[in-house]
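Residue strings, one per chain:
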Amino acid sequence: MKKSVFKLLAKINKAILPKYYKRDLKGLKKWEMAIVGYKYWVTTNSLD
């Protein structure tokens, strides 16, 4: 059940949240870093 919830969250994140793969992570603002951290947390939990 937990894994399916995170897979759903990952799909929602991919559709809604901005993509930061071409940007320098050092230059991001605090709230942008929070989004990157959240996306990382969801992705790692959906892959486990």
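Everything that follows concerns the structure shown earlier in this document.
These notes cover the structure that comes with them. As the structure is a prediction and not an experimental result, all values here were calculated from the model.

### Some points on the packing of helix α1 (residues 2–16) against helix α2 (residues 30–47)
- Running from N to C, α1 and α2 point in directions that differ by 140°, and their axes come no closer than 8 Å. By the angle between their directions, the pair α1 and α2 is classed as oblique. Relative to α2, the crossing made by α1 is left-handed. Residue-level inspection shows Lys3, Phe6, Lys7, Leu9, Ala10 and Asn13 of α1 in contact with α2, the latter providing Tyr38, Lys39, Trp41, Val42, Asn45, Ser46 and Leu47.
- Of the residues that constitute the contact of α1 with α2, the class distribution is 7 nonpolar, 3 polar and 3 charged.

### Considering a nonpolar patch on the surface
- Among the surface-exposed residues, Leu8, Ile12 and Ile16 lie close enough to one another that they form a single nonpolar patch of about 310 Å² accessible area.
- In this fold, Leu8 is placed in helix α1.

### Concerning the packing of aromatic side chains
- Tallying each qualifying case throughout the model produces 2 aromatic pairs.
- With a centroid separation of 6.3 Å and 40° between ring planes, the pair formed by Tyr38 and Trp41 is classed as tilted. In this pair, Tyr38 and Trp41 are both assigned in helix α2, 3 residues apart and thus about one turn of the helix distant.
- Among the aromatic residues, ring-to-ring pairing joins Phe6, Tyr38 and Trp41 into one connected group.

### Some words on the pattern of salt bridges
- Under the definition given, this model contains 1 salt bridge.
- Residue Glu32 is joined to Arg23 by a salt bridge in which the shortest nitrogen-to-oxygen separation is 3.3 Å.
- Judged by its relative accessible area of 42%, Arg23 falls in the partly exposed class.

### Quick word on the side chain of Ser46
- Following the sequence through the fold, Ser46 ends up in helix α2.
- The class of Ser46 is buried, set by a relative accessible area of 7%.
- For Ser46, the side chain forms a polar contact with the main-chain oxygen of Thr43, separated by 2.9 Å.
- Setting aside chain neighbours within four positions, we find Ser46 in contact with Lys3, Phe6, Lys7 and Ala10.

Reading the values: the criteria
Residues numbered from 1 in each chain as written. Predicted model: local features only at pLDDT ≥ 70, side-chain atom pairs only at ≥ 80, totals over all residues. Heavy atoms only, no water. Axes fitted to C-alpha atoms, helices over the stretch in contact; angles between N-to-C directions. Helix = DSSP H or I, 4+ residues; strand = E, 2+ residues; numbered from the N terminus. Parallel < 35°, antiparallel > 145°, perpendicular 65-115°, else oblique. Left-handed = near helix turned anticlockwise from the far one by under 90°. Contact = heavy atoms within 4.5 Å. Nonpolar A, V, L, I, M, F, W, Y, C, P; charged D, E, K, R; others polar. Patch = residues over 30% accessible without salt bridge, like charges linked within 9 Å, V, L, I, M, F, W, Y side chains within 5 Å. Areas by Shrake-Rupley, 256 points an atom, 1.4 Å probe, with all protein chains shown as cover. Salt bridge = Lys/Arg side-chain N within 4 Å of Asp/Glu carboxyl O. Phe/Tyr/Trp six-rings, centres within 6.5 Å; stacked < 30°, edge-to-face > 60°. Buried < 20%, exposed > 50% of the residue type's maximum accessible area, 1.4 Å probe, protein only. Polar contact = N/O pair within 3.5 Å; in protein donor to acceptor, adjacent residues only side chain to side chain.

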